[in-house]
Amino acid sequence: MRPYLLLLLLVLAACAPRRAEPPQEAPSPPALAAQVRVVEARPGLLEREARASATLRPERESLVAAGASGRVVRALPAGTRVGAGEGVVFLDPAPFREALEGARLALRQAEANLERTRNQLLGSRAALLAQLRAAEVQLEAARRRYVEGQALLQAGALAPLDLQGLEAQLRQAEGAYENAKEALERLERAEDLRLLELQVEAARLQVAQAERALRESVVRAPFAGEVVEVLVREGEFLGTGSPAFRLATPQSLLAKALLPPEEAARLGPGTPFRLVQGGVEAEARLLRRTDLPGQAQLVEVVLQPAEGSGLLPGAAEVRFPLPLAEGVLVPAGALVVRGGEAQVFRVVEGEARSTPVRLLAQEGELAAVAGLPPGSLLVFPVPEGLRDGDRVEVVR
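The model shown is predicted, which means the values in this text are computed figures rather than measured ones.

**Some words on the sheet that holds strand 11 (residues 243-248)**
Overall, antiparallel pairing links the four strands, which are arranged 4-11-9-6 in an open sheet. Strands at the two margins of the open sheet, each flanked by one partner only, are strand 4 (61-65) and strand 6 (81-82). Of the pairings in the sheet, the one linking strand 6 to strand 9 (residues 225-230) comprises two bridges and is antiparallel in character. Counterpart to Val-82 in the pairing with strand 9 is Gly-225.

**Describing the layout of surface pockets**
Roughly 260 Å³ of internal volume is contained in the largest pocket. In terms of lining residues, the largest pocket is bounded by 15 residues, among which Gln-251, Ser-252, Leu-253, Ala-306 and Gly-308 are the most central. For the lining of the largest pocket, the residue count by class is seven nonpolar, six polar and two charged.

**Quick look at the pattern of salt bridges**
Counting across every chain of the model gives 19 salt bridges. For Glu-49, the salt bridge identified is with Arg-51, shortest N-O distance 3.1 Å. Notably, a salt bridge pairs Glu-351 with Arg-353, separated by 3.3 Å at the nearest N-O pair. Residue Arg-353 is classed as partly exposed on the basis of its relative accessible area of 31%. Each of the salt bridges in this network shares a partner with another, and the network as a whole consists of Glu-49, Arg-51, Arg-274, Glu-281, Glu-317 and Arg-319.

**Looking at unusual backbone geometry**
Of note, the bond from Phe-380 into Pro-381 is cis; its omega dihedral lies within 30 degrees of zero at 0 degrees. Tracing the chain through its elements places Pro-381 in the loop between strand 22 (377-379) and strand 23 (392-394). Although it is not a glycine, Glu-349 adopts a positive phi angle of roughly 55 degrees. As for its placement among the helices and strands, Glu-349 is situated in the loop between strand 18 (341-348) and strand 19 (351-356). Owing to a relative accessible area of 69%, Glu-349 belongs among the exposed residues under this scheme.

**Comments concerning the packing of aromatic side chains**
Under the criterion given, the structure shown has one aromatic pair. When the centroid spacing of 5.4 Å and the interplanar angle of 50 degrees are considered together, the rings of Phe-273 and Phe-320 count as tilted. Of this pair, Phe-273 sits in strand 13 (residues 273-277) while Phe-320 sits in strand 16 (residues 314-331), placing them 47 residues apart in sequence. Of note, Arg-74 hangs over the ring of Phe-90, and the distance from its end group to the ring centre comes to 4.0 Å.

**Examining the pairing of strand 21 (residues 366-370)**
The pairing of strand 16 with strand 21 spans four bridges and is classified as antiparallel. Bridging across to strand 21, Leu-329 finds its partner in Ala-368. If you look at the hairpin formed by strand 20 (residues 358-363) and strand 21, you'll find two residues sitting between the two strands, and Gly-364 has a positive phi there, around 65 degrees.

**Quick look at the sheet that holds strand 10 (residues 237-238)**
Taken together, the four strands give an open sheet; going across it, the order is 8-7-5-10, and neighbouring strands pair in antiparallel fashion. Edge positions in the sheet fall to strand 8 (218-220) and strand 10, since each of these pairs with one other strand and no more. Pairing between strand 5 (residues 70-75) and strand 10: two bridges, direction antiparallel. Pairing of Gly-70 across the sheet is with Leu-238, part of strand 10.

What counts as what
- Residues numbered from 1 in each chain as written.
- Predicted model: local features only at pLDDT ≥ 70, side-chain atom pairs only at ≥ 80, totals over all residues.
- Heavy atoms only, no water.
- Pairing = 2+ DSSP bridges.
- Helix = DSSP H or I, 4+ residues; strand = E, 2+ residues; numbered from the N terminus.
- 1 Å grid on protein atoms, 1.4 Å probe; cavity = no way out; pocket = protein on both sides within 12 Å on 5 of 7 lines; lining within 4 Å.
- Points joined across faces, edges and corners; volume = space filled by probe spheres on them.
- Nonpolar A, V, L, I, M, F, W, Y, C, P; charged D, E, K, R; others polar.
- Salt bridge = Lys/Arg side-chain N within 4 Å of Asp/Glu carboxyl O.
- Buried < 20%, exposed > 50% of the residue type's maximum accessible area, 1.4 Å probe, protein only.
- Phe/Tyr/Trp six-rings, centres within 6.5 Å; stacked < 30°, edge-to-face > 60°.
- Lys NZ or Arg CZ within 6 Å of the ring centre and 35° of its normal.

See the structure below:
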């Protein structure tokens, strides 16, 4: 029976349930790379377009006044273009010509009086000179006789009374000589002649003034331009110093704008300006900037529009790029702020690498940063949930 027992045991063992083995875990599939787009970070200057109100005025403008008084007989109409020195307002020249003729006549009379007096003085000078020479001869003779009388008095050959007579003659000769000398010197000073010479000079001055008044009877343009406004009419009286017309150069305009000092300080000769007036837009260049006295918060900026700009005098708008910061330029949307720190995601060897940067300035959709190598490929736009080290795939 033992063989049967052994066989039964084998059958029971084969029919007994097997113990379940623990299941083996399946290997996890590799992580998928996030598809991203990239932009290249480039170095550059971040600018913003600044705008300000401007006023366009002629480069040269003058309110021309009359230099003489008179009645207006003719005036050019407003809008007339004139050259420098060309007449615009004309006064009646007759009174000025009459005044000039009178001044010239007075000058001729003064010159004739001077010439006549000079001739008279020449004759008087000859006579006075002869008198002086005669008085000098008489003085020398009287002086010689007096010296000889002194010698004779010492020798006892002349009485003292006779010597006194010789001395009196000497004193008389000295007086005559001094009188003749003074008369000649008075003639040489020619006080009367000098007075006549002054009269001639005054007459010449009157002639010059009359000639100038005649020239001023035509009110002329001080520079080439356009007569913008005529302030007098024919038949009216125009006084000296009264405004006669307004002259301007409407084809040559200047634009003036007031800017804050911090903006004006960033402008230079190479700054490109644009002037906008209605539907007209023209380029302009910086001429100068001036601090306004008494207004420390404003700087006057003067611009010159390009030739043939088509702009007109009046209000306009000036536009210009204002430098903000120089650094590496990136899209503002590429910046991610985490933990109070700005950062960007660079694509390096198929991975997103978080790189902290320092924001220098931002204008619209562009920002300037520091701490980022130029030429870096940045993830933009940044997918939500992107983390440092994530696998990425650049798509175009």
